[in-house]
Amino acid sequence: MKKLYIAVICLLIAYCQGNAQTHTARAVVVTCPISNGYYEFLPQGYYDNPTEKFPLIVFISGIGQLGNGTTDLNSVLSHGPANLITVGQWPLKFTVNVQDFKFIVITPQFTINPWSGHVNTMLDYIIANYKV
């Protein structure tokens, strides 16, 4: 019975690790003058092909999630795609007209309300550092 229990635990751990969806915190990374940190989600297979590009979703949360990009950073995970990834409900792929899409999701934290110039600067950073 003990061996069966251990086998079941090992299978559960392997299943959870293989299907886990996680964000990676990028604290104290300045992407524009008013963003000092963000979360990144890279799709399954991101590192498999060095020339493959992925579509991008930048999820900009609301004013209630403004913060310093370090100790406040996890507040951006409470809504939208960021929350779905956090709770493991983000689809591994999206299928449209028999074509599959897997997205990079970037969730920045701003210190104040952003305007288009700040967002464009942040997009320049993302394009330079990710396979978009």
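Computed from a prediction, not measured in an experiment: that's the story for all the values here.

## Digging into the pattern of salt bridges
Within the structure shown, the criterion is met by 2 salt bridges. In this structure, the salt-bridge partner of R26 is E40, at a minimum N-O distance of 2.9 Å. With R26 in strand β1 (residues 24-32) and E40 in strand β2 (residues 35-41), this pair connects stretches of sequence that are 14 residues apart. The partly exposed category is assigned to R26, whose relative accessible area is 30%. Judged by its relative accessible area of 5%, E40 falls in the buried class. Of the charged contacts, one joins K93 and D100 as a salt bridge, the two residues approaching to 3.3 Å between their closest N and O atoms.

## Details of the pairing of β2
The side chains of a regular strand alternate, residue by residue, between the two faces of the sheet. Of all 7 residues that make up β2, 6 are buried, and the element is covered over most of its length. Where β1 and β2 come together, 5 bridges link them in antiparallel fashion. Among the inter-strand pairings, A27 is bridged to a residue of β2, identified as G37. What sits between the antiparallel neighbours β1 and β2 is a turn of 2 residues. Sheet topology note: the β2/strand β6 (residues 104-110) ladder contains 6 bridges and is antiparallel. Each residue of the ladder has a partner; that of E40, found in β6, is I106.

## Things to note about the sheet that holds strand β3 (residues 56-58)
Spatially, the 4 strands line up as an open sheet ordered β1-β2-β6-β3, and their pairing is mixed. The open sheet has two edge strands, β1 and β3, and neither has a second partner. Across the sheet, the mean angle from the axis of one strand to that of its neighbour is 30°, orientation sign disregarded. Contacting β1, β2, β3 and β6, helix α3 (residues 116-129) runs over the sheet at an angle of about 120° to β1.

## Quick look at the environment of P43
Structurally, P43 is set in the loop between β2 and β3. Separated by 50 residues in sequence, P43 and K93 place their C-alpha atoms 8.3 Å apart. The contacts of P43, once residues within four sequence positions are left out, are F54, K102, F103 and I104.

## A closer look at α3
When the terminal C-alpha atoms of α3 are compared, their 20 Å separation across 14 residues agrees well with the 20 Å that a helix rising 1.5 Å per residue should span. For α3, the full list of buried residues reads G117, H118, V119, M122 and I126.

## Notes on the packing of aromatic side chains
Under the defined criterion, the tally for this structure stands at 5 aromatic pairs. On the basis of an interplanar angle of 70° and a centroid distance of 6.2 Å, the ring pair of Y38 and Y125 is categorised as edge-to-face. One end of the pair, Y38, is in strand β2; the other, Y125, is in helix α3, with 87 residues separating them in the sequence. Among the residues examined, Y38 registers a relative accessible area of 3% and is labelled buried. The class for Y125 is partly exposed, based on a relative accessible area of 23%. Taken together through their ring pairs, the aromatic side chains of Y46, Y47 and F54 make up a single cluster. The ring of Y46 has K131 sitting right over it, with the charged end atom 4.8 Å from the ring centre.

Cut-offs used in this document
Residue positions are given per chain, counting from 1 as you read along its sequence in written order. Local features in a predicted model are, by the rule used here, given only for residues with pLDDT of at least 70; side-chain atom pairs are given and counted only at 80 or more, and totals for whole chains, interfaces and linings are based on all residues. To obtain the side-chain values, all non-hydrogen atoms of the structure were included, while hydrogens and water were left out. Counted as salt bridges are all cases of a side-chain nitrogen of Lys or Arg within 4 Å of a carboxyl oxygen of Asp or Glu. Per the convention used, a helix needs a DSSP run of H or I reaching at least four residues, while a strand needs a run of E reaching at least two, with both numbered from the N terminus. Exposure is judged per residue with a 1.4 Å probe applied to protein chains only, and the accessible area is read against the type maximum: over 50% gives exposed, under 20% gives buried, and values in between give partly exposed. Criterion used throughout: strands pair if DSSP finds at least two bridges between them. Axis lines are fitted to C-alpha atoms, over the contacting stretch for helices. Their N-to-C directions set the angle, which ranges from 0 to 180 degrees. The contact criterion used throughout is that any non-hydrogen atoms of two residues lie within 4.5 Å. Multiply 1.5 Å by the residue count of a helix minus one, and that product is the helix's expected span. A pair of aromatic rings is counted whenever rings of Phe, Tyr or Trp (Trp by its six-membered ring) have centres within 6.5 Å, and the orientation is called stacked for planes under 30 degrees apart, edge-to-face for over 60 and tilted otherwise. Remark: a charge is flagged as sitting over a ring if the NZ atom of Lys or the CZ atom of Arg is within 6 Å of the ring centre and within 35 degrees of the ring normal.

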